[in-house]
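Residue-level listing of the chains:
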Amino acid sequence: RMIAEMHMEIQSNISHKEAYLQALSQNSAYVHDRDFLVRFLRADRYQPKQAAHRLVGFFAYKRELFGTDYLTKEITLDDLYENEEDRKTLEGGLYQVLPGRDRSGRVVVG
């Protein structure tokens, strides 16, 4: 029900959703994945309207940072090492891969 409310909010009340629509056209399964959408609901204490705005903002920011090729892909460290500028930034020590992982088993960059 809350996921449906998120979609209604996006369709009805959010005007700047170009990156979201682009992601939807690239890979609707990624955009509509239940586990993916629940992340945004959790972040906003299960408030569908706020989660919808967060989701749309996520795609806009992701497109700005990584471009359209990575819009519907989970970004990994391997992806960052493909780009020489990103690799140099990581190896420069400003950002570090921490020795542990988060509760979901993901690498933590700090």
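Structural notes, computed from the coordinates. The structure presented is a predicted model; accordingly, all values stated were derived computationally and were not measured.

Conventions used here
- Residues numbered from 1 in each chain as written.
- Predicted model: local features only at pLDDT ≥ 70, side-chain atom pairs only at ≥ 80, totals over all residues.
- Heavy atoms only, no water.
- Polar contact = N/O pair within 3.5 Å; in protein donor to acceptor, adjacent residues only side chain to side chain.
- Helix = DSSP H or I, 4+ residues; strand = E, 2+ residues; numbered from the N terminus.
- Buried < 20%, exposed > 50% of the residue type's maximum accessible area, 1.4 Å probe, protein only.
- Pairing = 2+ DSSP bridges.
- Arc of directions from axis to C-beta.
- Contact = heavy atoms within 4.5 Å.

**Brief notes about helix α7 (residues 84-91)**
Every α-helical turn comprises 3.6 residues, leaving residues that sit three or four positions apart pointing alike.
Here is step 1: With a side-chain oxygen lying 2.8 Å from the backbone nitrogen of E85, the N-terminal cap of α7 falls on N83.
Here is step 2: Among the residues trailing α7, G93 stands out with phi positive, at a value near 95°.

**Some details on unusual backbone geometry**
Trans peptide bonds make up most of the peptide bonds, and negative phi angles are found at most residues other than glycine.
Here is step 1: The residue R45 is not glycine, and still its phi comes out positive at about 50°.
Here is step 2: Tracing the backbone through its elements, the reader meets R45 in the loop between α4 (34-43) and α5 (48-66).
Here is step 3: On the basis of relative accessible area, R45 is assigned to the exposed category, the value being 72%.
Here is step 4: In this structure, Y46 is a non-glycine residue whose phi angle is positive, near 60°.
Here is step 5: Structurally, Y46 is set in the loop between α4 and α5.

**As for the pairing of strand β1 (residues 97-101)**
Looking along a regular strand, one sees side chains alternate from face to face of the sheet.
Here is step 1: Note: β1 against strand β2 (residues 107-109), two bridges, orientation antiparallel. Looking at the pairing, V97 lines up with V109 of β2.

**Overview of helix α2 (residues 18-26)**
Here is step 1: Within α2, the full set of buried residues consists of A19, Y20 and A23. Buried residues in α2, looked at end-on, bunch into an arc of 105°, giving them a common side.
Here is step 2: Taken together, the buried residues of α2 touch α1 (2-13), α3 (28-32) and α5.

The analysis is restricted to geometry; functional conclusions fall outside its scope.
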